[in-house]
Structure formats: structure tokens, C-alpha cells
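Here is what each chain is made of, one letter per residue.
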Amino acid sequence: MFYVTTPIYYVNDEPHIGHAYTTLIADALARWHRLAGEDTLFLTGTDEHGLKVQRAAEKNGITPQEQADRFAVRFVEAWRSLGISNDDFIRTTEPRHHRAVQKLLQACYERGDIELGHYEGLYSVADEAYVTAEEVPELERQGRPVIRMEEENYFFKLSRYEQALLDWYEDHPGFVTPDIRRNEALGFIRQGLKDFSISRTSIDWGIPLPWDPRHVTYVWFDALTNYLTAAGYGTEDPAFPARWAGARHLIGKDILRFHCVYWPAMLLSAGLEPPRAVHVHGYLLVGGEKMSKTRLNQIAPASLVEVVGVDGFRYHFLADQRFGPDGEFSFEGMVARYNADLANNFGNLAARVAAVVASKCGGVGPAPSADSPLAEAAGRAFEETASAWERVAPSEALEAPWRLIREANAYLEANEPWKMEPGPAVEAVLGDALEVLRLVALLASPAVPGACGDLWQRIGLPGSPEDARLPDAAVWGGYPGGLPVRKGPPLFPRITV
Ligand code: MSP
């Protein structure tokens, strides 16, 4: 079972391209694994409890539930407009999630890993949040008073899990990728772990603790559990163990500690295995900074889709940034890459082939030759694409089919079928080029499903690339020939700004 998740997004904010970035990678990954015929579950959703949401609701003059309802829809709609193929959308205010959180809490409590204690710390009243001593001077300068606050909280005994976590990392070298993030998590564990607070009595927008309903679950115990809820934890669903065993979380590096340290410890405490892997990516920066509500540098996906279309948007964020390090978003870079990779390379190949099939073959696509000089490059493209998705390296997964596109364009330029007389020689060249188009449509379909589906039909194939199954469909020679080939408008019209 391939079970891939995104973080669940807070409903105090509009979806922006940072959220879209993680969601798109998860989507392309899920699409790739479906192509490979794997049983796939792709989950995304919204994080709806806690102070942030409560405060956003107050500001908007509505209840937290209304706030959640209003913003959850924004995420659902944003993902629909980007062609996100999630199988489930979880909202933490759903009853199924309440049940799962309470079950997990109860299990940790019975294990003796949750204890009542006092939380004491510096608290910013204006921010309604605990702050560190280092933050105090700046807050005071801004006229935001800091007090010492003490409240009764339940704590999760994270300190007991240091060795168990180190052992888990040791036994599961692929648990956190890439390595730089694995080392960061290990460094954090080795520094020594402190118990963390899991409940609040000062707010009521949350899930009550089953044994002490004066307290509501605070943020992470609630949020992280969504991954279990959607897999069927807390129900009789017999599919739960298989789903959970295949769980992979995609996250940004901002929430590494929670996913790579707290979460596996919570699961071990409850007698469950940690997820199979956590894949951690860097930030998408705008003007050198992480997008945030306060910096007002957030970009809405729709504003870019307007320029480059859904496929152009998807391609850009999957291809432009390596998975792991931070990367800078640039509008000019996006348009330049769109024109180079999509309009020129990919779009041109498709347009050229269709035009010559029309003029030299009466619009009927010939079959490829078994011993085509492109066959080897095509085989390599498939191997490289598969291996890149296996490593969760989307930009590399796209480099492979684009290398094949360039080879096919070079092959056409070397043979110049547009100058040849109709007959077997021109048919051989075009059959090979059509086969490359079929393969590229297949391999690139997880990233640019719209254009690939369109191309699939233009070269006369029935259905869409999603109906094909790897690895068989990637074997050279799958294009049957004898199919009507249609040119149609440019797959990716050039953009001038
Ligand atoms: N609700 C928590 C997550 C709980 S998961 C059990 C949360 N939500 S969030 O709305 O703030 O979203 C955080 C996630 O959004 C990041 O981990 C990352 O996946 C994505 N991103 C938000 N801004 C981003 C960038 N600027 N760049 C890349 N990803 C970003 O934290």
C-alpha cells in the first residue's frame, strides 16, 4: 500500500504557493504510484483547532467552526483547481478524528506516558503564546507585555523515548529523507528530549482529553493524529494495518521536529509503528524570505495559473526546485522555464510530429520500428524517472523525460522528415517520434496530467495515460500505429510578458 500525506493546513490562512508546493509533490507521487498499479491512498486536509484558528475567528467576528468551514473550502477549491487527486480530505473537526485522537491519547495515558504537571513560562499576552527569553526584548520594544505564566497541563513523557528513537533511526535508515534532515532530527534527539505539553485549560476550541475533559488537546497531539484517522485508526476497518504500514509523510522543514521526533515517540507509546518515511523539503522563498501572513509576501496559486495554466504551474513547482534545499521563486524564471521546456521542447515536438504526419502520412500515425535508435534512450528515461520518484526527487523525475524529448527533437532535425518523400523511410522516423510522444505523455503525466491526456488523444490513443500500467506500458513499441493523429492548438502556447 502506498499511503502519502501532506501536512494539514491551518484554516487561519488562505492557501498559497508554499502549501501548493507540498501538495503538488504528494499529488505527483500518488499519480506515479497509481500508474505503477499500486494500491494508493493520498491524504490532505485542514488543521482546524487551537488558538490560531480561534483568534482568526474572533478577528473575523465568526465562530471557530464557521472560520474552519469557510477556510477548509478554500483549500478544497484550491486543490481542485490544481488537479490535485487526493482520495480523502480530512478536517480535524470531524467526529472520526475526535474518536481517533481520544483513542491515541487513551493508549499513551494507559502506557503511563501522559502525566499532569505545571507549565511555567514566559507568555506574551498580545500573542497569546509562550515565548522564549530571547524574544522578550523585541516584544517589549513593540509594546507587547510578557508575563510569567503558570498553568496546569498534561505532558507527554518524550524524555523517556530518547533511546527508543535513536534505535528506530538506526534500524530504519530511510525513515527521514534527505540525509541532511535525518541528521538534523538525530541531532535534536541527541541533545536530550524534554517532555512536551499536550493540553490546555485556557482554551476550549479543541478535543477534550477522555479522562479529564476540563483540558483540550493542544495542537500537535490533535494535528499529527490525522494521519492515523484517515487510515482507519479507531475503527474496525480491517485495512488499517496495511495502510499504516505504507504511510509516508511529506512535510516542509518547519515541522520536522514534530514529525520526526514527537510523532514517532507518540506512536511507539501507543504501541504503533512510526510511519514508513518522512520526506522533508525546504522552503520556497519569495524575495529571499519564507512566505508569511505578516510579511504579506504570499502568492495565491490562482494568480500564477492565470499566466501559465494548471500544467505550467504544476510543472514549474515540480521541476524548478530540488527536493530538500530551499529555493527562490521567481516569476520571470517561471515564464522562462515554461517557454523553454513546455512551449519549445515538449510543445514543439508534439506540433512538429503531428504536422509532418498530416503532410506525409495522410494524418495516420505509423508504428515505431523495433530497432529504433531512440529505443535505448526511451528505456533509460523510464528507469531514471522511476528511480527518481522512488527517491522522492520530482525535479529529477522530470529531467528524464525531458532528456528524451531533446533526443527526439535532435533525431528529427538529423533526419528532416519534412523534406522526405512519403513512404517507409519517413514512416519509420515518424513512428519512432510518435512512440516517444506516447512515452513522454506517460512518464510526465503525474506532473502535467492535462497536457499529457490531451496529447495521448491527439496521437489517437484511447482513454488517457492514467489507464496505462507500468512497467509494461513503458516498453518500447507500445504505439500501435494506424491511428488518426490530430495537430490541434499548441499544447503550451508561448507566453510573452
Ligand atoms: N497545521 C500545521 C501542520 C500539521 S501537520 C500534522 C501547519 N500548517 S501550515 O498551514 O502552517 O502549513 C505548513 C506546511 O505548509 C509546511 O510544512 C509546508 O509543507 C507548507 N509550506 C508553507 N509555507 C511554505 C513555504 N514557503 N515553502 C514550502 N513549503 C511551505 O504547520
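Everything discussed here concerns the structure shown above.
Model, not experiment: these values are computed from the prediction.

Basis of the calculations
- Residues numbered from 1 in each chain as written.
- Predicted model: local features only at pLDDT ≥ 70, side-chain atom pairs only at ≥ 80, totals over all residues.
- Heavy atoms only, no water.
- Buried < 20%, exposed > 50% of the residue type's maximum accessible area, 1.4 Å probe, protein only.
- Helix = DSSP H or I, 4+ residues; strand = E, 2+ residues; numbered from the N terminus.
- Contact = heavy atoms within 4.5 Å.
- Phe/Tyr/Trp six-rings, centres within 6.5 Å; stacked < 30°, edge-to-face > 60°.
- Lys NZ or Arg CZ within 6 Å of the ring centre and 35° of its normal.
- Salt bridge = Lys/Arg side-chain N within 4 Å of Asp/Glu carboxyl O.
- Pairing = 2+ DSSP bridges.
- Right-handed = clockwise from strand over helix to strand, strands pointing away.
- Axes fitted to C-alpha atoms, helices over the stretch in contact; angles between N-to-C directions.
- Parallel < 35°, antiparallel > 145°, perpendicular 65-115°, else oblique.
- Nonpolar A, V, L, I, M, F, W, Y, C, P; charged D, E, K, R; others polar.
- 1 Å grid on protein atoms, 1.4 Å probe; cavity = no way out; pocket = protein on both sides within 12 Å on 5 of 7 lines; lining within 4 Å.
- Points joined across faces, edges and corners; volume = space filled by probe spheres on them.
- Near = heavy atom within 4 Å.
- Polar contact = N/O pair within 3.5 Å; in protein donor to acceptor, adjacent residues only side chain to side chain.
- Areas by Shrake-Rupley, 256 points an atom, 1.4 Å probe, with all protein chains shown as cover.
- Core = buried A, V, L, I, M, F, W, Y, C linked by side-chain atoms within 4.5 Å.
- Expected span 1.5 Å × (residues − 1).
- Bend = angle between axes of the 7 residues up to and from the residue.

K.L.:
Account for helix α17 (residues 449-458), with residues named and values stated.
P.N.:
Of all 10 residues that make up α17, seven are buried, and the element is covered over most of its length. Those residues of α17 lying buried are P449, A451, C452, G453, L455, W456 and R458. In this fold, the buried residues of α17 make contact with α1 (17-35), α12 (301-319), α13 (331-361), α16 (424-444) and β18 (483-484). Positive phi appears at G460, one or two residues downstream of α17, with a value of about 90°.

K.L.:
Kindly report on the packing of aromatic side chains, identifying the contributing residues and their values.
P.N.:
On inspection of all chains with the given rule, the structure shows 22 aromatic pairs. Looking at K103, its charged tip hangs above the ring of Y233, at a distance of 4.9 Å from the centre. One Lys or Arg, K253, reaches over the ring of Y283 and ends 4.6 Å from the middle of that ring.

K.L.:
Now, about the pattern of salt bridges: what can you tell me, with residues and values included?
P.N.:
Overall, the coordinates contain 32 salt bridges when judged by the stated rule. With a shortest N-O distance of 2.9 Å, E94 and R96 are connected by a salt bridge. Exposure remark for E94: the relative accessible area of 22% places this residue in the partly exposed category. Because the salt bridges share partners, they merge into one network encompassing D113, E115, K157, R160 and D195.

K.L.:
Break down the pairing of strand β2 (residues 40-47) for me, with residues and values.
P.N.:
A large share of β2 lies buried, amounting to eight of its eight residues. Here seven bridges tie strand β1 (residues 2-10) to β2, and the two strands are oriented parallel to one another. What sits directly across from F2, in β2, is T40. Assessed by its sense of winding, the connection that carries the chain from β1 through α1 to β2 is right-handed. When β2 meets strand β3 (residues 88-91), the two strands line up parallel, connected through four bridges. Its bridge partner lying in β3, T46 is registered against R91.

K.L.:
Go over the packing of helix α2 (residues 51-60) against helix α3 (residues 64-81), please, and point to the residues and values.
P.N.:
Where α2 meets α3, the axes come as close as 8 Å, and the angle between the chain directions of the two elements is 95°. What the angle tells us is that α2 and α3 run roughly perpendicular. Of the residues in α3, those in contact with V53, Q54, A56, A57 and N60 of α2 are P64, Q67 and F71. Of the residues contributing to the contact of α2 with α3, the split by class is five nonpolar, three polar and no charged.

K.L.:
Report on the layout of surface pockets, specifying residues and quantitative values.
P.N.:
In this structure, the second largest pocket spans a volume of roughly 190 Å³. Forming the walls of the second largest pocket are W168, H172, G174, F175, W244, A245, R248, E273, P274, P275, R276 and A277. Along the lines of polarity and charge, the residues of the lining of the second largest pocket split into seven nonpolar, two polar and three charged.

K.L.:
Please provide a residue-by-residue account of the site of the ligand, values included.
P.N.:
Close to the ligand lie 24 residues; I8, T22, D47, D254 and L284 are nearest. Separating a nitrogen atom of the ligand from a side-chain N or O atom of D47 is a distance of 2.7 Å. Backbone polar atom of G252 to an oxygen atom of the ligand: 3.1 Å apart, as the coordinates give it. When the free accessible area of the ligand is taken as 670 Å², the share hidden by the protein chains comes to 95%. Elements that contribute at least two residues to the shell around the ligand include exactly β1, α1, α8 (220-224) and α9 (226-231). With four residues, β1 is the largest single contributor of residues to the shell around the ligand. Partitioned by chemical class, the residues of the shell around the ligand number 12 nonpolar, nine polar and three charged.

K.L.:
Break down the environment of G206 for me, citing the residues and quoting the values.
P.N.:
Looking at the element boundaries, G206 is found in the loop between β9 (199-200) and β10 (208-209). Sequence-distant contacts of G206, that is, excluding residues within four places in its chain, are made with H49 and V216.

K.L.:
Kindly report on the nonpolar core, identifying the contributing residues and their values.
P.N.:
The biggest cluster of nonpolar side chains holds 100 residues, and the ones touching the most others in it are I17, W79, F313, F317 and F346. Discounting residues that sit within four places of it in the chain, W79 has contacts with Y9, P15, H19, A20, T23, T44, I84 and F89. Residues L228, W244, I255 and C260 belong to the second largest nonpolar core, which totals 57 residues.

K.L.:
Tell me about the side chain of S395, and please be specific about residues and values.
P.N.:
Here S395 shows up in helix α15 (residues 394-415). Discounting chain neighbours no more than four positions away, the residues touching S395 are L318, A319, Q321 and R322.

K.L.:
Residue-level account of α12, with values.
P.N.:
Residues lying three or four places apart along an α-helix face the same way, a consequence of the helix completing one turn every 3.6 residues. Between its terminal C-alpha atoms α12 stretches only 16 Å, short of the 27 Å expected from 19 residues at 1.5 Å a residue. By the largest-angle criterion, V308 marks the main kink of α12, which is about 105°.

K.L.:
Now, about unusual backbone geometry: what can you tell me, with residues and values included?
P.N.:
Residues T177 and P178 are joined by a peptide bond in cis, for which omega reads -10°. When you line up the elements, P178 lands in the loop between β7 (176-177) and α7 (179-190). Looking along the chain, the bond that leaves L470 and enters P471 is cis, with omega of 0°. Structurally, the position occupied by P471 is in the loop between α17 and β18.

K.L.:
Report on the pairing of strand β6 (residues 146-156), specifying residues and quantitative values.
P.N.:
Bridging between strand β4 (residues 114-124) and β6 involves 11 bridges; their strand directions are antiparallel. The residue of β6 that forms the bridge with Y119 is E151. In this structure, β6 lies alongside strand β8 (residues 196-197), joined through two bridges in antiparallel fashion. Bridging across to β8, F155 finds its partner in S197.

K.L.:
Could you give an account of empty space enclosed by the protein, naming the residues involved and the relevant values?
P.N.:
With the rule as written, the count across this model stands at three cavities of 30 Å³ or more. Here the largest cavity is characterised by a volume of approximately 60 Å³. Lining the largest cavity, in full, are A350, V353, A354, L434, L437, L455, R458, I459, V485, R486, K487 and L491. Those elements that place two or more of their residues in the lining of the largest cavity are α13, α16 and α17. With three residues, the single largest contributor to the lining of the largest cavity is α13. Here the residues of the lining of the largest cavity are counted per class, giving nine nonpolar, no polar and three charged.

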